[in-house]
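Coordinates in review
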Amino acid sequence: MQQKDLIRYIQKKTTTDESIKILNWIREDKDHQNLYNKLKAAHVASNLDNNISIDINKKYDQFVQSKNTSQKLYYYSIATILILFLISWKFNVFTQNNDIKKTSFHFVEVITGKGDHRSISLPDGSFITLNSKSKLTYPSVFNDSIREVTLSGEAFFDIKKNVKKPFIVKTDSLKIKVLGTSFNVKSYPKDNLIQTTLVTGKVKILDNTNNSSLLSPSEQSIFDKSKNNSSINIVDTNDIIAWKTGKMIFNQTRLDQVLRDLSRMYDVDFVIKSKKLLNYRYTGEFDNLSLEDALTFLSLSSSISYKYIDSKIVTIDTKTF
């Protein structure tokens, strides 16, 4: 693969077929991924400030070298972590109801903390995966005419089909109606956008002004709460639901939204010191990285700097050179 083709892909100038071919090439080899990361970092940095000179190759190689130095310690540690995880998992199997409580005689409430996921089996046989910092409320028994749940946060739904009993997801501004399908809903109270992404089947979305829209697979409805309107885009559904496997994928995402997602994933609060960073948009993938590695990659590919105030608070500022 030639560098000019990778640069065209980074600049979003490739066709769909070319993009698929390049993505497959990137994923097939670690060296390919490293080359792509370097080019992407250089491209993003060059767009931020033409007066700033960053030796991306040097910084990236330094980062990789530091990772290699601690590689042995990592593998020694992973065995211990795995044992602790298995012990914790076994314990959680028998105590997971601690996060599930009945809010009344008829309703069940499931809440996840920061960095936590939870799988839920509903009374009708449907399955839901709840993302971090989210809340799902549902009846202990669905009635005869409808299956309705309430979501605050993000969840992936795999709904058992029942044409006589439609399934409805309520958020603070939307109602999403399905018969049997799989889809993702992201509706956090502090986020301005509500995103509904259809993976299979069909869904009908009704907003608080009674405007409705129908989604087909790979379509994403974005409801802007401040403007009270919706738009529909074509997306890669694998990117949208990547959070289920620990990945975070961003595509021209505002920095404040990136930081909110990182906050939920890593249980940390961010303080943005420079307001002009709010206009910065980030494109990249964090594949099961630690918070430190995620922030390092973010810093490598931009003029962003970060500083820990303590283990739970990180300040974000404009990098000085």
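Scroll up a little and you will see the structure.
Described below are features of the structure shown in this document. Remember, it's a predicted structure, so these values are computed and weren't measured experimentally.

Quick look at the nonpolar core
In this structure, Leu136, Val149, Phe157, Phe167 and Phe183 are the most contacted members of the largest nonpolar core, which totals 27 residues. Each residue touching Phe157, except ones within four places of it in the same chain, is listed here: Phe127, Ile128, Leu136, Val149, Leu151, Phe167, Val169, Thr181, Ser182, Phe183 and Val185. Residues Phe250, Met265, Leu300 and Ile304 belong to the second largest nonpolar core, which totals 22 residues.

Description of the sheet that holds strand β16 (residues 269-272)
Sheet strands associate in pairs through backbone hydrogen bonding, adopting either a parallel or an antiparallel arrangement. A sheet is described by the order of its strands in space; here three strands give the open sequence β16-β19-β18, paired in mixed fashion. In the strand order of this sheet, the two ends are held by β16 and β18 (304-310), each with one partner. Neighbouring strand axes in the sheet, compared pairwise and without regard to direction, differ in orientation by 25° on average. The pairing of β18 with strand β19 (residues 313-318) spans six bridges and is antiparallel. In the sheet register, Tyr308 faces β19, and the bridge partner there is Val314. Docked against the sheet, helix α7 (residues 255-266) engages β16, β18 and β19, running at close to 160° with respect to β16. Against the sheet, helix α8 (residues 291-300) makes contact with β16, β18 and β19, and its axis sits at roughly 150° relative to β18, the strand it touches most.

Quick notes on the side chain of Lys186
Relative to the assigned elements, Lys186 resides in strand β9 (residues 182-187). A distance of 3.0 Å separates polar atoms of two side chains, one belonging to Lys186 and the other to Asp261.

The rules behind the values
Residues numbered from 1 in each chain as written. Predicted model: local features only at pLDDT ≥ 70, side-chain atom pairs only at ≥ 80, totals over all residues. Heavy atoms only, no water. Core = buried A, V, L, I, M, F, W, Y, C linked by side-chain atoms within 4.5 Å. Buried < 20%, exposed > 50% of the residue type's maximum accessible area, 1.4 Å probe, protein only. Contact = heavy atoms within 4.5 Å. Pairing = 2+ DSSP bridges. Helix = DSSP H or I, 4+ residues; strand = E, 2+ residues; numbered from the N terminus. Axes fitted to C-alpha atoms, helices over the stretch in contact; angles between N-to-C directions. Polar contact = N/O pair within 3.5 Å; in protein donor to acceptor, adjacent residues only side chain to side chain.

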